[in-house]
Amino acid sequence: MIIVVLLGVLPAGSVRFFLFHPLSISPGSMDVMVSQVRRSVASIVQQYSHISGVYLCGHSAGGQLAAMVLSTDWSQYKVTPNIKGAVLVSGIYDLLPIISTYVNDPLKMTEEDAVRSSPVLLVPMLKRWSAGCEVVVVVAEHDSPEFRRQSREYFQALECAGLKVSFEDVSNTDHFNVIEQLSDEDYHLTQVLLKMIRRTSVSHT
């Protein structure tokens, strides 16, 4: 469960990025974790105010948290990040089904908590605050049926809202190795991310 925050394209054509593990940020509630990720992104943008844009890549629970960042009301913060793109990999976009499972044991989410942190229910917020962001929803060929269902439904919700979104079903991958190969420049998903950065960097200049 990771989030990669990429800060624009540097003059040499490379990117600067931050990698962090969402569940290591705080042992607290889902609200606390969402808040901390949002504040982390805002803090990074404030620290690197010269950057041309921000790109997010989140996997599993990191996909849910990255989607929550896209749905942030930035008027509550001192900065509005220019989030140009997001790659959401095998994410969880509807938390209601996990309330009664063991996954919720450490989180202790109520139904109200789950609704508040379910990206699929916050598409209007994403459209308001991140309408210019290009989103790629990714699922592994051998992800579980629930991950595949949620990924497809979130993609369809964004598409119906008129947002810039595409869907990638990565063949010969499971829930784990779909993200483990991201350090390989020739890996399909790595190329999807790099091409997005190059494309959106050109289109916003």
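Remember, it's a predicted structure, so these values are computed and weren't measured experimentally. (Residues numbered from 1 in each chain as written. Predicted model: local features only at pLDDT ≥ 70, side-chain atom pairs only at ≥ 80, totals over all residues. Heavy atoms only, no water.)

With respect to the overall build of the protein
Here is step 1 of the chain: Looking only at helices and strands, the protein has eight helices and six strands in total.
Here is step 2 of the chain: Ordered by position in the sequence, the α and β elements of the protein form the string β-β-α-α-β-α-β-α-α-β-α-β-α-α.
Here is step 3 of the chain: Taking the intrachain contacts of the protein between residues at least 6 apart in sequence as the baseline, contacts between residues at least 24 apart amount to 72%. (Helix = DSSP H or I, 4+ residues; strand = E, 2+ residues; numbered from the N terminus. Contact = heavy atoms within 4.5 Å.)

Quick word on the packing of helix α2 (residues 30-47) against helix α3 (residues 61-70)
Here is step 1 of the chain: Contact pair α2 / α3: the axes reach a minimum separation of 10 Å and the direction vectors enclose 65°. Pair α2 / α3 crosses with right-handed handedness. Only Gln 64, Leu 65, Met 68 and Val 69 of α3 make contact with α2, whose side of the interface consists of Met 30, Met 33, Val 34, Val 37, Arg 38 and Val 41. (Axes fitted to C-alpha atoms, helices over the stretch in contact; angles between N-to-C directions. Left-handed = near helix turned anticlockwise from the far one by under 90°.)

So, the pattern of salt bridges
Here is step 1 of the chain: If you walk through the whole model with that rule in mind, you get six salt bridges.
Here is step 2 of the chain: Arg 149 is the salt-bridge partner of Glu 146, the closest N and O atoms lying 2.5 Å from each other. Separated by three residues within a single helix, Glu 146 and Arg 149 lie in helix α6 (residues 145-160), roughly one turn from each other.
Here is step 3 of the chain: Of the residues examined, Glu 146 reaches a relative accessible area of 32% and is grouped as partly exposed.
Here is step 4 of the chain: When the shortest N-O distance is used, the salt bridge between Asp 169 and Arg 148 registers 2.7 Å. Of this pair, Asp 169 sits in strand β6 (residues 165-170) while Arg 148 is found in helix α6, placing the two residues 21 residues apart along the sequence.
Here is step 5 of the chain: On the basis of relative accessible area, Arg 148 is assigned to the partly exposed category, the value being 28%. (Salt bridge = Lys/Arg side-chain N within 4 Å of Asp/Glu carboxyl O. Buried < 20%, exposed > 50% of the residue type's maximum accessible area, 1.4 Å probe, protein only.)

Focus: the nonpolar core
Here is step 1 of the chain: Ranked by size, the top nonpolar core spans 45 residues in total, and within it Val 137, Tyr 154 and Leu 158 carry the most contacts.
Here is step 2 of the chain: The set of elements that each furnish at least two residues to this core consists of α2, β3 (54-59), α3, β4 (83-89), α5 (123-129), β5 (134-140), α6 and β6.
Here is step 3 of the chain: With eight residues, α2 is the single largest residue contributor to this core.
Here is step 4 of the chain: Not counting the four nearest positions on each side in its chain, Tyr 154 is found in contact with Ala 67, Leu 88, Tyr 93, Pro 119, Val 120, Val 123, Leu 126 and Val 137.
Here is step 5 of the chain: Core analysis: the next-biggest nonpolar cluster, separate from the first, contains 17 residues, Cys 57, Val 136, Leu 182 and Leu 189 among them. (Core = buried A, V, L, I, M, F, W, Y, C linked by side-chain atoms within 4.5 Å.)

Comments concerning the packing of aromatic side chains
Here is step 1 of the chain: Per the counting criterion, the structure on display carries three aromatic pairs.
Here is step 2 of the chain: Ring geometry for Phe 155 and Phe 167: centres 5.4 Å apart, planes at 50°, overall tilted. Here Phe 155, found in helix α6, pairs with Phe 167, found in strand β6; they are 12 residues apart in sequence, far enough to count as distant. Neither Phe 155 nor Phe 167 differs from the other in exposure class; each is buried.
Here is step 3 of the chain: Lying across the ring of Phe 167, Arg 152 places its NZ or CZ 4.0 Å from the centre. (Phe/Tyr/Trp six-rings, centres within 6.5 Å; stacked < 30°, edge-to-face > 60°. Lys NZ or Arg CZ within 6 Å of the ring centre and 35° of its normal.)

A look at the pairing of β4
On a regular strand, one side chain projects to one face of the sheet and the next to the other, so that they alternate.
Here is step 1 of the chain: When you tally the buried positions in β4, you get seven out of seven residues, the bulk of the element.
Here is step 2 of the chain: By the bridge criterion, six bridges tie β3 to β4 in an arrangement that is parallel. Looking at β4, one finds that His 59 is bridged to Val 89.
Here is step 3 of the chain: Handedness of the β3-α3-β4 crossover: right-handed. (Pairing = 2+ DSSP bridges. Right-handed = clockwise from strand over helix to strand, strands pointing away.)

Concerning the pairing of β5
Here is step 1 of the chain: Of all seven residues in β5, seven are buried; the element is thus mostly enclosed.
Here is step 2 of the chain: Burial of the side chains of β5 extends over both faces: Glu 134, Val 136, Val 138 and Ala 140 are buried on one face and Val 135, Val 137 and Val 139 on the other.
Here is step 3 of the chain: One ladder, built from five bridges, connects β4 with β5; its direction is parallel. Residue Val 89 lies in a different strand from β5, and its bridge partner there is Val 138.

Comments concerning α2
Here is step 1 of the chain: Taking 1.5 Å per residue as the helical rise, α2 with its 18 residues ought to reach 26 Å, and the 26 Å between its terminal C-alpha atoms agrees with that figure.
Here is step 2 of the chain: Inspection of α2 places Met 30, Met 33, Val 34, Gln 36, Val 37, Arg 38, Val 41, Ala 42, Ile 44 and Val 45 among the buried residues, and these make up the whole buried set. (Expected span 1.5 Å × (residues − 1).)

The quantities given are spatial measurements derived from coordinates; they are silent on function.
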